[in-house]
Amino acid sequence: MSNHALIVSGFPLDDTAREILLAPLPPGTEAVALPDLSPEARAAALSRASAYLGRNTAKELQPGEAPLLAEAKLIQFMNAGVDFVPLRALPAQVPIACNGGAYAEPMAEHALAMALAAAKRLFIEHAALARGEFNQMTRNRSLAGMVCGILGFGGIGAAIARLMRPMGVAIHAIKRGPTNETVDWLGTPDKLEEMLAAADILVLSVPLTEKTRGIIDGRALALMKKDAILINLARGEVVDEAALFAHLQANPEFTACIDAWWVEPIRHGQFRMEHPFMSLPNVIGSPHNSASVGGVTQMALAARRTILPGRCARSRSGTWSAPMSGRRRRKDKNVPKDGTETPGIETRWSWIIAVAAVVILSVSFGAPLIVTVGLRDIAESMGEARSLPSLVASLAYVGAGLGGVLMGWVAGRTSARLVAVLGSVMVTGGLLLASGGAPWQLLLGFGLMVGLLGNGALYPPMMAYVSLWFDKRRGTALALVASGQYVAGALWPALIERGIATLGWQRTMALYAGVVALVALPLAALVLRPAPLPPPGSAAAAGPVAGARVLGMAPNLALALLGLASFLCCIPMAMPAAHLVAFCGDLGLTRQSGAAMLSVLLVAAFVARQFWGWVADRIGGLHAVIAGNICQTVGMAAFLATADEAGLFLVAAAFGLGFSGIVPAYILAVRELFPAQEASWRVPALLFLSLSGMAAGAWLAGVLYDGFGNYAVAWQAGIAANLAALALLGALAWRRRAGLAVPA
C-alpha cells in the first residue's frame, strides 16, 4: 500500500473534480471516493486517510465507520453550514473545517434577483396578467436609494454588498468585528434593532446558532418598514415561522423572499411548512437552491481551505469557518468566541412549554394534598381509623409510579399532548368519584384515576417530553418541571384547609376537580405541541458502555441495590409530608398552622432543589444522594425532639432543604453509572421504586399511629430506614472510590 497522503471523499469525484482537488497538494497525493469502494476497501481507506472530504457524514459514512477516521489530520466539509451534520459522532481529536464563502457569488446573485423581483412586483404582476389584468400604471420601486441591511457579514454578506452597491443601494451590516469591505454603516449584534428600522431590504446570511435561532421574531418584524423586503438565505429557523406568516398577512406591502425553509429534505428528510406561505401574494419562494449553479462542486473544491494545527480554517473574509460542537469548542482554546457552533433546539417556545408543564403539574399534584390536609376529617367520617386515608395517599403514589412506566410507553407511541389530556381528565374524574365519600370511591378515584392514569400520565411522560425541547439547559428545565409538586405544596394546602373548614372535604374535592378541568386540561390541549425535530448535528453523549459491569457487579444488580436504597430513603421522606398537618393537630396546634407548616416545608424544598442540582453537578449524583440522606436523617430526628410551633416551622423548613435533592440526584447517579441509551427504562424503574418508598412511608406512618397512638414510633421507623439506606449507599460509594466502576 502506498505511503503517500490519501484524501477520502464521501461523494463521487469526476476527473475534473479530482484534478481541482489534487492540484495544490504535494505530488503523489491520492484521492479516492467512498461510493467507488467495496466495504473492505472503504474501511482500509478511512483508516489510512490523511483527510476526509464530505458533505454530510450522516449519509456518507456507514455505522461504525466514523471512528476509523481517528488518525486523520482534517475533516473538511464542502458546505458553508454544517448545523445538520452530526459532528459529535466524529473523532473528537480530529480538527473540522467547513467551506465558508465558497458559494458566496451565486448566493449574492440570488439575493439580488429576489430583491429585484420583489421591488419590481414581477410575480404579482405576472399573476395579474394571467388573470387578464394589465396594471401598467401600478407603481413599482427602484433599488437606488434603498438601504440593504445584511445580518451576517461574512463571505456571503460581503458578496451581496458588492453586487448591491453598484445599484445605488446603501449597505448597513451587522458583524462582530471590523471589516475590509466598503459599508455605509457597520454595527455589532447589539445594534440589530437600529439596522432593522433603517433597512428597506434585510438579507439574512447568518449561521444558525443558539443565539441566532428565532432572532427575527414578531418584535423584530414590527420594527421594520411596512414595505420592507426580507430575504432569507441562511436557515429557516433564524426566523420565527408563525410570526412571519402573521406579519405577512397583516402587512400586504411587506415581502418575504424565502430560500431557506424551516423543514427541508436535506436537513430533515422532508419539506414541510406549518403555515401556507405560498398562498400569499407577498411571498417569493425558492427551494434553497441559491448555491445550486452549474459547476458548484468544482467551485466548492476550488474554494476549500486547509487547516492549521489545532485551529480552524479561515475563509477569504477572515472569519472562522469551522462550526464546532460545544464539546470541541471548550477543549480548543484557540477557537474564538464568535466561532459558530452546532445549534441547539431551544426557543422561546421551549420555555413556554416548560412553564406550562410546571403549571399543569402544580395543579395535578394538588389533588393528593386534599387527602393529606384532610386526613383527620376523612378518618373521622369513616370511624376514626387513619389507615384508610393513609392507604389512599399511598395508592396515589404507587399509581403515579406504575402509571409513569405505562403512560410513558403510550406517549412514545402516540403524543405527549394526548397523554397529558388523558391525565388531566383522569385527575378530574378521580376527584369527582372520590368526593362521593365511600371507601371504594376514594380507593378507586385516587389509586386508579388520580394516581395510575392521572399523575402517572402527567409526571414521568411530561419530564421526557420537556427534555425534547432542550439541549443546552436541559438540566435547568427538568429541575424546574420536577419542582411542580413543590409549587403545589406551597400553593394549595392553606387554600385546601380553608375549603375543608368551610365546605367539607367532599365538596372541596369536587371544587378542586373544577380547578384541574379549567387549568390543566386547556393547557395540555392548547399549549402542548409536537416536540421539535432533534438537531441534525447532535448525537448521544459518550458514557458507560452497554453491558459493562457497574460498580464491579452486573448492571441490573447495581440498579437493584440503588433502587433499594432509593426505596428506603423515600420512606422517611414521605412521612412528614403526608402526616405533618395531622401531627400538628395531635400536638394541639391548629390545622391552619399545620397547613402553613407543610407549605413552608415544600417551599424550602422547591428552592433547595435548584441548589442540590448545582451541588450534584460538582460532587456527582451518588455523593449528592448521601449528603441529602444525612440531612434528611437529621431532620427526622429534629421532628422527634421538637414540639412547639416555632420550632416545628424551623424543622419543617430544614427538612425541606435537606430532602429535596435526593430523587433528582438518584436520577443523575443512574445517568452517570449506566449508558445513556438505557436511561429510558432505568430511570422510570428507579423512579417507581422511589415513589413506592414514598407510598410505603405514608401508609406505614398511618399504621404505626393507629397501633401506638402517636407519631414518635413512625419517625423512629423512618430514621431506621434512612440509616439502612445510608449504609447501602456508603457501600456503593466505596466500591466506586475503590475503582470498581468501569470508567466512561
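These numbers come from a predicted model, not from an experiment. (Residues numbered from 1 in each chain as written. Predicted model: local features only at pLDDT ≥ 70, side-chain atom pairs only at ≥ 80, totals over all residues. Heavy atoms only, no water.)

Participant: I tried to follow the overall build of the chain on my own but got confused; where do I start?
Facilitator: When helices and strands are counted, the chain shows 28 helices and twelve strands. Taking as baseline every contact in the chain between residues at least 6 positions apart, the subset at least 24 positions apart corresponds to 72%. Roughly 31000 Å² of accessible area belongs to the chain as shown, and the carbon and sulfur atoms make up 63% of that amount. (Helix = DSSP H or I, 4+ residues; strand = E, 2+ residues; numbered from the N terminus. Contact = heavy atoms within 4.5 Å. Areas by Shrake-Rupley, 256 points an atom, 1.4 Å probe, with all protein chains shown as cover.)

Participant: Explanation requested: the side chain of Ser690 in the structure shown.
Facilitator: Among the secondary structure elements, Ser690 is positioned in helix H27 (residues 679–708). Apart from the residues within four sequence positions on either side, Ser690 is in contact with Ser566, Cys570 and Val663.

Participant: Even after reading the chapter, I still don't get the state of the cysteines, so can you show me in this structure?
Facilitator: As used in these notes, a disulfide is a covalent bond between sulfur atoms, one from each of two cysteines. On inspection of all chains with the given rule, the structure shows zero disulfides. We note that Cys570 lacks a disulfide partner, and the nearest cysteine sulfur, in Cys569, lies 4.4 Å from it. Accessibility expressed as a relative area gives 0% for Cys570, which makes it buried. (Disulfide = S-S within 2.5 Å. Buried < 20%, exposed > 50% of the residue type's maximum accessible area, 1.4 Å probe, protein only.)

Participant: Looking at this model, I keep getting lost on helix H2 (residues 39–48). Mind explaining?
Facilitator: Residue pairs three or four apart in sequence face the same way in an α-helix, which turns once every 3.6 residues. Burial in H2 covers these residues: Arg42, Ala45 and Leu46. In an axial view of H2, the angular spread of the buried residues amounts to 95°, which keeps them on one side of the axis. Summarising the contacts, the buried residues of H2 are in contact with strand S1 (6–9), strand S2 (30–33), strand S3 (51–54) and helix H3 (57–60). (Arc of directions from axis to C-beta.)

Participant: Looking at this structure, how should I read the pairing of strand S6 (residues 147–151)?
Facilitator: One face of the sheet, then the other: side chains in a regular strand alternate in exactly this way. Of all five residues making up S6, five are buried, and the element is well covered by its neighbours. The two faces of S6 match: Val147, Gly149 and Leu151 on one face and Cys148 and Ile150 on the other face are all buried. Here S6 pairs with strand S7 (residues 170–174) via five bridges, running parallel. Across the sheet, the residue bridging to Ile150 is Ala173, located in S7. Once the chain exits S6 it traverses helix H6 (residues 155–164) before rejoining the sheet at S7, and the crossover so formed is right-handed. Bridging between S6 and strand S9 (residues 201–204) involves four bridges; their strand directions are parallel. By the bridge assignment, Ile150 is partnered in S9 with Val203. (Pairing = 2+ DSSP bridges. Right-handed = clockwise from strand over helix to strand, strands pointing away.)

Participant: Explain the sheet that holds strand S5 (residues 96–97) here, please?
Facilitator: Whether parallel or antiparallel, the strands of a sheet pair through hydrogen bonds between backbone atoms. Strands sit in the order S2-S1-S3-S4-S5 across an open sheet of five strands; the sheet is parallel. Edge positions in the sheet fall to S2 and S5, since each of these pairs with one other strand and no more. Summarising the sheet, S3 and strand S4 (residues 74–77) pair through four bridges and their orientation is parallel. Following the sheet pairing, Leu53 is matched in S4 by Gln76. Most of the contacts of helix H1 (residues 15–22) go to S2, to which it runs at about 140°, and overall it touches S1, S2 and S3. Helix-sheet contacts for H2 involve S1, S2 and S3, and the interaxial angle to S1 is about 125°. (Axes fitted to C-alpha atoms, helices over the stretch in contact; angles between N-to-C directions.)

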